[in-house]
Amino acid sequence: MEYLSILDKDGNVDDALEPDLPAELLLRLQRSMLLGRRFDERMLKLQRQGRIGTFAPIKGPEAAQVGHESSRLRANFDFYRENSGRFVVILTEDKMIQEIHTEVAMLGGGCFWCLEAVFDKLHGVLRVKSGYSGGTIPNPTYKQVCAGMTGHAEVVQITFDPAVITFRELLEVFFDIHDPTTLNRQGADVGTQYRSAIFYHSDAQKATAEDLIAELEAARVWKSSIVTEVTPFDVFYEAEDYHQEYYAQNQQQPYCRAVIAPKLAKFTQHFVAKLKVD
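Draft legend 1. Quick peek at the confidence of the model for the chain. In this model, the chain carries an average pLDDT of 75, and 63% of its residues clear a pLDDT of 70 or more. A low-confidence stretch, residues 1–21 stays under pLDDT 50, and its non-local contacts, those more than four residues away or across chains, total 68 contacts. Here residues 52–91 is modelled with pLDDT under 50, and outside its nearest four sequence neighbours on either side it reaches 116 contacts, counting other chains as well.

So, in structure tokens, the structure goes:
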């Protein structure tokens with residue numbers, strides 16, 4: 001994923017090009033007007049599309065005019081100026097995450113394709129990776145996990161900005177989009193790999209999870225008891241490449257249409273205020 005913004009010569013954002021940079025980083029750019037170092041194919045593509053004009057990396061005397069933060073942040077941005085005077089900033093996902101205080105949540109609740117599609121939509125979520133956790137052998141394959149040979153659960157690793165969305169808010173979504181009362185099962189997906197699980201990264205996360213579960217149980221949200229396991233995080237193994245962004249790339253696939261699309265529709269209705277702005 002790339003975050004791209006266009007700024008005028010005074011550092012103001014051109015809202016015509018989406019998605020914009022996260023507000024925290026945009027503020028830093030507006031203060032320091034950072035410099036870029038390399039040419040990017042993405043720039044040529046945007047130019048061919050007519051979305052930006054001719055451009056060039058900033059260099060020469062202007063390099064001495066950047067703010068005090070630039071020496072720390074410069075290497076983390078691709079920054080260009082068009083001949084028209086506007087500035088174009090490209091920030092890759094990994095570079096962005098380096099500059100924001102983030103936390104990680106690890107959740108399992110059925111097929112990771114479903115969870116990834118949902119959490120990708122939440123404002124404050126910076127990255128979602130599908131993978132495996134909670135098992136007994138290193139580097140499991142999808143085939144091994146699906147065969148129940150490894151003890152792993154299908155999970156999503158969610159990197160988020162706690163200043164925008166809290167761990168509790170993530171869990172509120174989590175419990176809304178899956179059934180935490182069915183042991184080792186979500187719908188037609190059956191097996192320990194589909195168990196409901198929260199792999200906490202800190203005592204605070206553990207307490208938050210246990211408190212929310214207790215509240216949901218007291219409110220009798222479901223007829224049956226919650227069976228979600230709350231266990232300490234050990235290790236995460238990223239799933240094979242074709243699993244990443246699976247729904248986004250395979251929306252016409254039968255499972256996506258029959259299972260993920262309805263789940264996503266329900267989620268967007270329930271949490272419209274928490275969605276990213278497209």
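Draft legend 2. Spotlight on unusual backbone geometry. For Asn139, which is not glycine, the phi torsion reads 50 degrees and is therefore positive. Mapped onto the elements, Asn139 comes out in the loop between strand 7 (125–133) and helix 6 (142–146). Relative accessible area serves as the criterion here: at 59%, Asn139 is assigned to the exposed category. The residue Arg220 is not glycine, and still its phi comes out positive at about 50 degrees. Mapping Arg220 onto the fold places it in the loop between helix 8 (203–218) and strand 12 (229–232). With relative accessibility at 71%, the residue Arg220 sits in the exposed group.

Draft legend 3. Quick look at the pattern of salt bridges. Taken as a whole and judged by the stated rule, the model has five salt bridges. One salt bridge in this structure joins Glu238 and Lys129, with 4.0 Å as the shortest N-O distance. Separated by 109 residues along the polypeptide, Glu238 in strand 13 (residues 236–238) and Lys129 in strand 7 bring together distant segments of the chain. Here Glu238 falls in the partly exposed class, since its relative accessible area comes to 44%. The class for Lys129 is partly exposed, based on a relative accessible area of 22%. We note a salt bridge from Glu215 to Arg168, for which the minimum N-O separation is 2.7 Å. Residue Glu215 is located in helix 8, and its partner Arg168 is located in helix 7 (residues 167–177); the two are separated by 47 residues in the primary sequence. Under the relative-accessibility criterion, Glu215 is labelled partly exposed at 40%.

Draft legend 4. The sheet that holds strand 12, seen in detail. Spatially, 12-11-6-8-7-13 is the arrangement adopted by the six strands of the open sheet, whose pairing is mixed. Each of the sheet's edge strands pairs with one partner strand only, and the pair in question is strand 12 and strand 13. Taking each pair of neighbouring strands and ignoring which way they run, the sheet shows an average axis angle of 35 degrees. Summarising the sheet, strand 11 (residues 196–200) and strand 12 pair through four bridges and their orientation is parallel. Opposite Tyr200, over in strand 12, you have Pro232 as the bridge partner.

Draft legend 5. Up close: the packing of aromatic side chains. Under the counting rule described, the total for this entry stands at six aromatic pairs. For the ring pair Phe174 and Phe175, a centre distance of 5.2 Å and an interplane angle of 65 degrees mean the geometry is edge-to-face. Under the relative-accessibility criterion, Phe174 is labelled buried at 0%.

Draft legend 6. Quick look at the pairing of strand 7. Taking burial as the measure, the nine residues of strand 7 include eight buried ones, the bulk of the element. As judged from the eight bridges shared by strand 7 and strand 8 (residues 153–160), these two strands associate in the antiparallel manner. Each residue of the ladder has a partner; that of Gly131, found in strand 8, is Val155. Pairing of strand 7 with strand 13, which is carried by three bridges, proceeds in the antiparallel orientation. Each bridged residue has a counterpart across the sheet, and for Gly131 the counterpart in strand 13 is Glu238.

The rules we used
Residues numbered from 1 in each chain as written. Predicted model: local features only at pLDDT ≥ 70, side-chain atom pairs only at ≥ 80, totals over all residues. Heavy atoms only, no water. pLDDT = per-residue confidence, 0-100. Contact = heavy atoms within 4.5 Å. Helix = DSSP H or I, 4+ residues; strand = E, 2+ residues; numbered from the N terminus. Buried < 20%, exposed > 50% of the residue type's maximum accessible area, 1.4 Å probe, protein only. Salt bridge = Lys/Arg side-chain N within 4 Å of Asp/Glu carboxyl O. Pairing = 2+ DSSP bridges. Axes fitted to C-alpha atoms, helices over the stretch in contact; angles between N-to-C directions. Phe/Tyr/Trp six-rings, centres within 6.5 Å; stacked < 30°, edge-to-face > 60°.

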